[in-house]
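# Topology and contacts: notes
Here is how the chains run, residue by residue.
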Amino acid sequence: MAQYHLSAQLRGHEDDVRGICICGDAGIATSSRDRTVRFWTQHPEKKHEYVLSKTLVGHSSFVGPLAWIPPSDRFPEGGLVSGGMDTLVLLWDLHKGEVVETMKGHTSQVTGLAVDNNGDIISSSMDCTVRRWRNGSAVEVWEAHKVAVQTVLMLPSGELFTGSSDSTIKFWKGRTCLHTFTGHADTVRCLAQMPGLGILSASHDGTIKVWALTGQPLLEMIGHTSLVYSVDAHSSGVIVSGSEDRSAKIWKDGICVQSIEHPGCIWGAKFLENGDIVTACSDGIVRIWTTDNNRFCSDEELAAFTDLISQYTLSRKTVGGLKLSDLPGIEALQVPGNSDGQTLIVREGDNGVAYSWNSKELKWDKIGEVVDGPGDAAAAPGQFHDGVRYDFVFNVDIGDGEPMRKLPYNRSDDPYAVADKWLLKENLPLTYRQQVVEFILQNSGQNNFVPDPSFRDPYTGANAYVPGQSASSTVSAPKPTFKHIPKNGMLTFETAQFEGILKKLSEFNATLSSNLEQKELSLSEIELSRLAAIAKVLKETSFYHTSKLADADMTLLLKMLKSWPTQMMFPVIDFLRMFVLHPDGATLLLKAIESGNDVLAETFHKVVTPPVQPPNVLTTLKAVTNLFDKPCLHQWLRIHGMEIIDSVSSCKTTFSKNAHLAYSTLLLNYAVLSIESRDEQSQAQILSAALEIAEDDTQDADSKYRALVAIGSLMLNGLVKSIALDLDVKSVANTARASKDSKIAEVGADIELLTR
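Cut-offs and rules
Residue positions are given per chain, counting from 1 as you read along its sequence in written order. Totals for whole chains, interfaces and linings use all residues, but because this is a predicted model, local features are given only for residues with pLDDT of at least 70 and pairs of side-chain atoms are given and counted only at 80 or more. Heavy atoms throughout the structure, all of them, feed into the side-chain values; hydrogens and water do not. UniProt positions are given in the numbering used here, feature names are shortened, and annotations may be inferred rather than shown by experiment. Only runs of H or I of at least four residues qualify as helices and only runs of E of at least two qualify as strands under DSSP, and these elements are numbered from the N terminus. Accessibility here uses a 1.4 Å probe with only protein chains present; expressed as a share of the type maximum, an area under 20% marks a residue as buried, one over 50% as exposed, and anything in between as partly exposed. The contact definition used throughout considers only heavy atoms, calling two residues in contact when any of these lie within 4.5 Å. Per-residue and other accessible areas follow the Shrake-Rupley method at a 1.4 Å probe size, with only the shown protein chains counted as cover for residues. For two strands to be treated as a pair, DSSP must find no fewer than two bridges joining them. Throughout, an axis means a line fitted to C-alpha atoms (over the contacting stretch in the case of helices), and angles, computed between N-to-C directions, take values from 0 to 180 degrees. Only rings of Phe, Tyr and Trp enter the pairing, Trp through its six-membered ring, and a pair is recorded when the two centres are within 6.5 Å. The plane angle decides the type: under 30 degrees is stacked, over 60 is edge-to-face, the rest tilted. Each ring is checked for a lysine NZ or an arginine CZ that lies within 6 Å of its centre and within 35 degrees of its normal; such an atom marks a charge sitting over the ring. In these notes, a set of buried Ala, Val, Leu, Ile, Met, Phe, Trp, Tyr and Cys residues joined through side-chain atoms within 4.5 Å is what counts as a nonpolar core. Each patch is built from residues lacking any salt bridge and having more than 30% relative accessible area; the joining distance is 9 Å for like charges and 5 Å for nonpolar side chains (Val, Leu, Ile, Met, Phe, Trp, Tyr). Salt bridges are defined by distance alone: a side-chain nitrogen of Lys or Arg within 4 Å of a carboxyl oxygen of Asp or Glu.

Looking at an unreviewed UniProt entry, one finds the chain named Phospholipase A-2-activating protein, with Oryza glaberrima as its source organism. Regarding the chain, the UniProt comment filed under Subcellular location (unreviewed entry) reads as follows: "Cytoplasm".

The subject of this paragraph is the overall build of the chain. When helices and strands are tallied, the chain shows 17 helices and 37 strands. Within the span of the chain, comprising 756 residues, buried residues form 55% of the whole. Relative to all contacts within the chain whose residues are 6 or more apart in sequence, the contacts with residues 24 or more apart total 51%. As displayed, the chain offers around 33000 Å² of accessible surface, 50% of which is attributable to carbon and sulfur atoms.

The subject of this paragraph is the sheet that holds strand S6 (residues 63-69). The sheet built from 4 strands is open, its strands ordered S6-S7-S8-S9 with antiparallel pairing. Each end of this open sheet is capped by a strand with a single partner; those strands are S6 and strand S9 (98-103). Between one strand axis and the next, the sheet turns through 25 degrees on average, direction left out of account. Taken together, the 5 bridges between strand S7 (residues 79-84) and strand S8 (residues 89-93) define a ladder with antiparallel strand orientation. Opposite Val81, over in S8, you have Leu91 as the bridge partner.

Another point: unusual backbone geometry. Note the cis peptide between Ile485 and Pro486, where omega equals 0 degrees. Structurally, Pro486 is set in the loop between helix H3 (433-443) and helix H4 (498-513). Here the amide bond leading from Pro610 into Pro611 is cis, since omega sits at -5 degrees, within 30 degrees of zero. Inspection of the secondary structure assignment puts Pro611 in the loop between helix H9 (599-608) and helix H10 (614-627). In this structure, Arg246 takes a positive phi of about 75 degrees despite not being glycine. Tracing the backbone through its elements, the reader meets Arg246 in the loop between strand S23 (239-243) and strand S24 (247-252). Looking at Arg246, the relative accessible area reads 13%, which means it is buried.

Our focus in this paragraph is the packing of aromatic side chains. Enumeration according to the criterion identifies 11 aromatic pairs in this entry. An aromatic cluster is defined as three or more aromatic residues linked by ring pairs; in this entry it consists of Phe161, Phe171, Phe181 and Trp211. The ring of Tyr705 carries the charged tip of Lys743 above its face, separated from the ring centre by 4.5 Å.

The next thing to look at is the nonpolar core. Counting 106 residues, the largest nonpolar core has Trp564, Tyr663 and Ile711 as the members making the most contacts within it. For this core, the leading source of residues is helix H12 (residues 657-677), giving 10 residues. The contact partners of Tyr663, leaving out residues within four places of it in the chain, are Leu621, Ile645, Val648, Ser649, Lys652, Phe655, Ala689 and Ile693. Formed by 17 residues, the second largest nonpolar core is a distinct cluster that contains Phe392, Tyr416, Tyr432 and Val437.

The exposure class of Pro611 is exposed, given its relative accessible area of 66%. In this structure the C-alpha to C-alpha distance between Pro611 and Thr566, which are 45 residues apart in sequence, comes to 9.8 Å.

What follows concerns a nonpolar patch on the surface. On the surface, Met1, Ile255 and Val257 cluster together to form a nonpolar patch covering roughly 280 Å² of accessible area. With respect to the helices and strands, the residue Met1 is situated in the segment before strand S1 (5-11). Given the relative accessible area of 53%, Met1 is considered exposed.

Okay, structure coming up:
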């Protein structure tokens, strides 16, 4: 079969290209982490090239799945549907370049989209649900899987399929599951039609499968070395897949006939009708590949791409545990060695070559090319580490998901000195010294080693090595230490300017008193003085163990919260924020809720109902955050959690800097609470919301830091680590690690450690 060659490169996105949608003969739509959807049309003269026609801006976070709506009376140039991490499904009119419908309902990232023959839009989400939308409203909602739904596929004949992180595929008729396909060993990430046979699935287990519509597996394709993110089939029977391993693989009759290397992971791969392939890469570039030599790119563009791949490969290649790009060039051989037999590794082309210093002839003697050793616990003798040759370079597994650590050793070395140096370098406790020594002696075959009897351990005062049981090839070590995660306990907003709050309450009360229609809503002088007395109690926090609040105090607050106009509520809510921090205040509030007077829920609904008042949103965020301080209110927080996060998220366009900080604090507290209650669905929603903050470059450092701590805590102690990995948390961690803010960089390193 003819080989695919580079045809065109579409540049315009500013970050990872996440999705591709083939829009009939009209063009190609792509989505990106840069929060945009871009529409590309064929170059008017150079038919194999594409030009950027429209940039669609409307999502507040990265955009993933796309679906095409062919031209009609409503959409003369066609329409697009997009789904994002912001939980929204947007319908675009391509002619106007505008959003015509905003579909809200999902509580986590939208992962898949399809359009039914009747025009209904089908969406899947990390919130475990599938929704059917008609005229902008959800007409059907059902829990399709117990864990995240990653993709949805609708065949032209109307069959609906979903793929999930539970490793299964489900076949639906309406909301009824007709059949569950099992066979994958990990997340099912993408589904596609296989003309004439059934469907295709791509999985994080590294395989692609072909299934009959009955659920019978027909074929398995193995060849990728990492997660497979996308798969598509052409009417000719050719299949393309895209993977984390940076390759797009072309398959024919179950055989990989070509592998196309990219300078980054491939999020999407689709066929054009003419058989050309479109790939979406993490380097932000969309590429088109063809077998037609009339559509090949220019020799200059091909040479530039080939050079890019070569440089990218060089930057990632390792030899003998060394990064090739870090090795010195052959010019290093012009510098004399320090001692006879000193070993030096230099880069020669795409290889690492070892040289030994010959002190008699004052020259470097070539030893040979360096290759990676086997991944056994004890590496083969005579290996290199950091450019130096050793008798042994052990691969030490310290457990708990930590990467292998390299431990170099020569038989002539003092094992105790080697252990001390290695523990200090790897930042491991010196109390593990004896175990490391036993590990070295066991795996180097030096069981008869006799230590110096006069030696005293400088840390324990004990004698040196005492032979005991045989050493394990795994050094028992403590769990990895993190600087900022997990978060334990709750954060609160405990400072308040009571004089300012009382002054504003008094002003608003005077306004109500002077208005004949609202006069009955105002407080009497006695009630105003009581507010001042409550404030005095709340200010004296050191006497909370002896001070008291009465039922009448709660009744007074309830009156104001229930009756005062919305635009006057923010000082009342701010008062409530401090009221609940008092032990009696929390108890009185819970008593009112349990009696059927849920003023918290009522107030929250008022605040988030348009038109939204920014001061109300800020004070409500802080007040709800303070509820976490009192365990007696945790059940209320659990019950209303998903609604609170979803509703507050929809108000983010009104947020001030302080509101953003309060929101990220609220999410962090919810993360701690959901971990305690082991509520996976809540954890997934919180994770998605926190990732949206972490990816927002406009956020201030404190807000981003708290969101990152929530993400790390959920990954470490929660149930959503696999979901976080599905959401490309590694990219978020890498970006955070590069931050100039030390706290963000450190928590980014914490999260990155969890992704290994």
